[in-house]
Amino acid sequence: MKHAFAVGLALFGAVAAGPSFAHAHGDHQGHAQGGHAAHAHAGHGAQAMPSPDAMAAMPVSASVAVSACWIRLLPSPAPSAGYFIAANKGSETATLAGAASASYGHVMLHQTTHTDGMSRMSHVQGVEIPAGQKLEFKPGGYHIMLEKPSGEIKVGDTVPMQFLLASGEKAEADCEVKPANTLAK
Ligand SMILES: [Cu+2]
């Protein structure tokens, strides 16, 4: 993922350099093509979470903020679920591509869907948050699935969580650990 992050920076560089090369149409096209391919690659790479070091090096988003994060603790080895509100104060759609925490070895974005009275859970690659909108991750809908706790996690603990955006930025929140019978914050 360090690679994908570097590609993201290169893409930014290509876009920033664009106007100065506007007269050289051929070159500009070349940059645009390369940039597009790099972007697609970075998006694909977001399926695998970056290393903790890479995550730590990512800039914090100025437009996307996560709040009201809490975790419904289930006894291990059952996965616990995390819920929160992601607000996009920016002027462009943001895509939440994943989450990570030092307290869990495996964190995935999930969605619960209900069809014909059946409820099922699926892994989602990315969740779009339109400009100016809030998206609530709550029981029965989007959630983060938390597996492989790195130590004992108890009700009342606070778990730091990092949220990866497809832009290569991150948002951070502290999640309050609540009992299994909690229905909403
Ligand atoms: Cu799930």
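Scroll up to find the structure this text is about.
Residues numbered from 1 in each chain as written. Predicted model: local features only at pLDDT ≥ 70, side-chain atom pairs only at ≥ 80, totals over all residues. Heavy atoms only, no water.

Caption draft 1: Region of interest: the side chain of Ser101. With respect to the helices and strands, the residue Ser101 is situated in the loop between β3 (94–100) and β4 (104–115). On the basis of relative accessibility, which here comes to 10%, the residue Ser101 falls in the buried class. Those residues in contact with Ser101 that lie beyond four places of it in its chain are Val107, Val159, Pro160 and Met161. (Helix = DSSP H or I, 4+ residues; strand = E, 2+ residues; numbered from the N terminus. Buried < 20%, exposed > 50% of the residue type's maximum accessible area, 1.4 Å probe, protein only. Contact = heavy atoms within 4.5 Å.)

Caption draft 2: Structural context of the pattern of salt bridges. Inspection of every chain in the model, using the stated rule, returns two salt bridges. One salt bridge in this structure joins Lys154 and Asp157, with 3.7 Å as the shortest N-O distance. (Salt bridge = Lys/Arg side-chain N within 4 Å of Asp/Glu carboxyl O.)

Caption draft 3: Just the coordination of the copper ion, in detail. Summarising the metal site, the copper ion is bound by the protein donors His110 (ND1), Met121 (SD), His143 (NE2) and Met145 (SD), whose distances to it range over 2.0 to 2.4 Å. Classification of the site at the copper ion rests on its four donor atoms, whose angles at the metal span 94 to 119°, yielding the label tetrahedral. Every donor residue of the copper ion comes from the same chain, spaced as H-x10-M-x21-H-x1-M. Linking His110 in strand β4 with His143 in strand β8 (residues 142–149), this pair joins segments that are 33 residues apart in sequence. A single burial state applies to His110 and to His143, both of which are buried. (Donors = N, O, S within 2.8 Å, 3.2 Å for Na, K, Ca; no water. Tetrahedral: all angles 85-135°; square planar, octahedral: opposite > 155°, others 65-115°.)

Caption draft 4: Spatial organisation of the packing of aromatic side chains. Applying the stated rule across the entire model yields four aromatic pairs. Centroid distance Phe84 to Phe137: 4.2 Å. Interplanar angle 20°. Geometry classified as stacked. Residue Phe84 is located in strand β2 (residues 80–88), and its partner Phe137 is located in strand β7 (residues 134–137); the two are separated by 53 residues in the primary sequence. Between Phe84 and Phe163, the aromatic rings sit 4.5 Å apart at their centres with planes inclined by 55°, giving tilted as the arrangement. Note that Phe84 is positioned in strand β2 and Phe163 in strand β9 (residues 158–165), a separation of 79 residues in sequence. No difference in accessibility class separates Phe84 from Phe163, as the two residues are buried. Members of the aromatic cluster, each reached through a chain of ring pairs, are Phe84, Phe137, Tyr142 and Phe163. (Phe/Tyr/Trp six-rings, centres within 6.5 Å; stacked < 30°, edge-to-face > 60°.)

Caption draft 5: Seen up close, the state of the cysteines. The final tally for this structure, using the stated rule, is one disulfide. Across a sulfur-sulfur distance of 2.1 Å, Cys69 and Cys175 are joined as a disulfide pair. With the S-S dihedral at roughly 80°, the linkage between Cys69 and Cys175 falls on the right-handed side. Of this pair, Cys69 sits in strand β1 (residues 64–72) while Cys175 sits in strand β10 (residues 170–178); the two residues are 106 residues apart in sequence, bridging distant segments of the chain. In this pair, the class of Cys69 matches that of Cys175, namely buried. (Disulfide = S-S within 2.5 Å.)

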